[in-house]
Amino acid sequence: MDDSEFVTAADVRLMQGLAQRVTAARPDLVNSDASYGELAWNWGKGHASVGRSWPRRMWFSGADLVAWGWACLPHRVRRNDGSVKDVTGAYLAYQVHPEHSELVDEVIDWYDGVTIGIERTVLPGMADSCALKRWAAHGYETDPASLGDAGSWTQLNERDLDDLERPVLPDGFRFRTADEAGPQAAVQAHVDAWAPTTYTAEAYEDVRRTPPYRGDLHVLVEAPDGTMAASTIMWLDEANRTAEFEPVGTHPDHRRLGLGRAMLLHGMHLARQAGADHMTVACLGAPGHPAARGLYYSVGFRKFTRDVPLVKAGGRAGSRS
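What you see is a predicted model, and the numbers here were worked out from it, not measured in a lab.

Cut-offs applied
- Sequence order as written defines the numbering, with residues in each chain counted from 1.
- Given that this is a predicted model, residues contribute local features only at a pLDDT of at least 70 and side-chain atom pairs are listed and counted only at 80 or more, while totals for whole chains, interfaces and linings are drawn from all residues.
- Remark: hydrogens and water are excluded; side-chain values derive from all non-hydrogen atoms of the structure.
- Strands pair, by our definition, only if DSSP identifies at least two bridges between them.
- Labels follow the DSSP assignment, with helices taken as runs of H or I lasting at least four residues and strands as runs of E lasting at least two, numbered in each case from the N terminus.
- Contacts are assigned to residue pairs that have any heavy atoms within 4.5 Å of one another.
- Here an angle of 0 to 180 degrees is reported between the N-to-C directions of two axes, which are lines fitted to C-alpha atoms, with helices fitted over the stretch in contact.
- Relative accessibility under 20% of the residue-type maximum defines a buried residue, over 50% an exposed one, and the middle range a partly exposed one, all with a 1.4 Å probe and only protein chains included.
- The arc under discussion is defined with respect to the helix axis, by the directions toward the C-beta atoms.
- The term salt bridge refers to a side-chain nitrogen of Lys or Arg lying within 4 Å of a carboxyl oxygen of Asp or Glu.
- Residues are said to line a cavity or pocket when one of their atoms sits within 4 Å of a point; the points come from a 1 Å grid over protein atoms alone, cavities being sets where a 1.4 Å probe fits but cannot get out and pockets being open sets with protein on both sides within 12 Å along at least five of seven lines.
- Grid points are joined across faces, edges and corners, and a volume is the space filled by probe spheres set on the points.
- Residue type decides the class: Asp, Glu, Lys and Arg count as charged, Ala, Val, Leu, Ile, Met, Phe, Trp, Tyr, Cys and Pro as nonpolar, and the leftover types, Gly among them, as polar.
- If an angle is under 35 degrees, it is roughly parallel; if it is over 145, roughly antiparallel; if it lies from 65 to 115, roughly perpendicular; otherwise it is oblique.
- In this scheme the crossing of two helices becomes right-handed for a clockwise turn of the near helix relative to the far one and left-handed for an anticlockwise turn of less than a right angle.

Points about the sheet that holds strand β8 (residues 141–142)
No. 1: Taking strand neighbours across the sheet as the criterion, the 7 strands line up as β1-β2-β3-β6-β7-β16-β8 in an open arrangement whose pairing is mixed. Sheet topology places β1 (5–6) and β8 at the edges, where each strand pairs with a single neighbour.
No. 2: Direction of pairing for strand β2 (residues 55–61) relative to strand β3 (residues 64–72): antiparallel, over a ladder of 6 bridges. Along β3, the bridge assignment pairs Trp59 with Ala67.
No. 3: Against the sheet, helix α1 (residues 9–25) engages β1, β2, β3 and β6 (90–96), with an angle of about 120° to β3.
No. 4: Its contacts with the sheet place helix α3 (residues 104–114) against β2, β3, β6, β7 (120–122) and β16 (310–312), and it is angled at close to 160° to β6.

Have a look at this one:
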């Protein structure tokens, strides 16, 4: 596997540092899986179970990380309902600092080299015209699964944290934090909202150990019967005074009660108190996925940028043009 290694917690901290520098310079160029919070969430929830399918490569300029690639190779997923899913393709998360855009070709060459014979996908940002040209030159094309009303592309939404509406919960519901409710409640809230899922108590422990996780910024809504009816984690980037919701979910028995909207508003008040003046959240952007987008728009978010799903069939690594 050439000189690649598997992604470590120390690698993630370096990747987050690059995310902060790109956010400060060109936030529209932060790839969908390369944001400060998304890196923490993806690493924490998955590395114990599938981390041995995560080779990575890193590029430095002096002591500074300026580009990285994190490949997710084929693996087997076991979910909490007993079902098993075999992931047969490869996916790449990556980031290149805009001042080192020439490294995109090296990232692509590395990815092609560790995925020979495997269908491979990647999500560059629409604003990164340079990268899109380079991916196309290496034989990557628009993923057919991303087209039409049910397309799989993701948009990033943003808003400033001024003029925040006060949250209102239905009678008998109340806000809690993960620090108050405890790990078991925090895990169950996520499992209930996202079932079937691979999320476990072990995964949550890894999430808790991944900076910048804070239990006081992990918000839950408790129902009158004690069920955790909704939950979200906010990831605070203190350097850029911005925070990100990831994930956001509601128990299926408690949907359409306004819990998600109230929880997001409450979370933004907490994020502002913690020092943020800007907030982001991602969602599926195609017309056939209106629910989450409508929820985020209802609390003031608006589309900022989106990704461009690309795919390349399995085979030998391609050549540049």
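Describing helix α4 (residues 129–137)
No. 1: Residues of α4 that are buried include every one of Ala131, Arg134, Trp135 and Ala137, and no others. Down the axis, α4 shows its buried residues gathered within 160° of arc, on one side only.
No. 2: Elements that come into contact with the buried residues of α4 comprise β6, α3, β7 and β16.
No. 3: Just past α4, the residue Gly139 takes up positive phi, approximately 95°.

What to know about the pattern of salt bridges
No. 1: Counted under the stated rule, the structure contains 15 salt bridges.
No. 2: Its salt-bridge partner being Arg261, residue Glu165 comes within 2.9 Å of it at the nearest N-O pair. Taken together, the residues span a long stretch of sequence, with Glu165 in the loop between β9 (154–160) and β10 (174–177) and Arg261 in helix α8 (residues 259–273) at a distance of 96 residues.
No. 3: For Arg261, a relative accessible area of 28% translates into the label partly exposed.
No. 4: Ionic pairing is found between Arg208 and Glu205, a salt bridge with its closest N-O pair at 2.9 Å. A residue pair is termed a helical-turn pair when its members lie 3 or 4 positions apart in one helix, as Arg208 and Glu205 do in helix α7 (residues 201–208) at 3 residues.
No. 5: Arg208 sits in the partly exposed class, given a relative accessible area of 37%.
No. 6: The network of salt bridges with common partners includes Arg174, Arg176, Glu180 and Glu222.

Observations concerning the environment of Asp86
No. 1: Positionally, Asp86 belongs in strand β5 (residues 84–87).
No. 2: Take Asp86: its relative accessible area is 43%, and that puts it in the partly exposed class.
No. 3: Excluding residues that lie within four positions of it along the chain, Asp86 makes contacts with His75 and Arg76.

Description of the pairing of strand β12 (residues 228–237)
In summary, the side chains of a regular strand alternate between the two faces of the sheet.
No. 1: A large share of β12 lies buried, amounting to 10 of its 10 residues.
No. 2: Note that strand β11 (residues 218–222) and β12 share 5 bridges and pair antiparallel. Residue pairing across strands places His218 opposite Ile233, the latter belonging to β12.
No. 3: Count of turn residues in the β11/β12 antiparallel hairpin: 5 residues, of which Gly226 carries a positive phi of about 95°.
No. 4: Across 7 bridges, β12 lies against strand β13 (residues 242–250) in antiparallel orientation.

Comments concerning the pairing of β2
No. 1: Where β1 meets β2, 2 bridges bridge the pair, whose relative direction is antiparallel. Looking at the pairing, Glu5 lines up with Arg56 of β2.
No. 2: Counted between consecutive antiparallel strands, the loop separating β2 from β3 contains 2 residues, among which Gly62 sits at a positive phi close to 65°.

Quick look at the sheet that holds β13
No. 1: Strand order across the open sheet formed by 7 strands is β10-β11-β12-β13-β14-β9-β15, with mixed pairing between neighbours. Edge positions in the sheet fall to β10 and β15 (302–306), since each of these pairs with one other strand and no more. Along the sheet, successive strands turn relative to each other by an average axial angle of 30°, direction set aside.
No. 2: Direction of pairing for β9 relative to β15: antiparallel, over a ladder of 4 bridges. Residue Gln155 lies in a different strand from β15, and its bridge partner there is Arg306.

Describing empty space enclosed by the protein
No. 1: According to the stated counting rule, one finds 2 cavities of 30 Å³ or more in the structure shown.
No. 2: Roughly 50 Å³ of internal volume is contained in the largest cavity.
No. 3: As for the largest cavity, its lining consists of Trp41, Ala186, His190, Tyr199, His218, Ser231, Thr232, Ile233 and Pro247.
No. 4: For the lining of the largest cavity, the element with the most residues is β12, which contributes 3 residues.
No. 5: Its residues placed into classes, the lining of the largest cavity shows 5 nonpolar, 4 polar and no charged.

As for the packing of α1 against helix α2 (residues 36–50)
The relative placement of two packed helices is expressed as an angle between their axes plus a distance between the axes.
No. 1: In the contact formed by α1 and α2, the axes pass within 8 Å of each other and the chain directions differ by 165°. The orientation of α1 with respect to α2, classified from their angle, is roughly antiparallel. Judged by the twist between their axes, the crossing of α1 over α2 is right-handed. Between α1 and α2, the residues in contact are Ala9, Val12, Arg13, Met15, Gln16, Ala19 and Gln20 and Tyr36, Leu39, Ala40 and Trp43, respectively.
No. 2: Partitioned by chemical class, the residues of the contact of α1 with α2 number 8 nonpolar, 2 polar and 1 charged.

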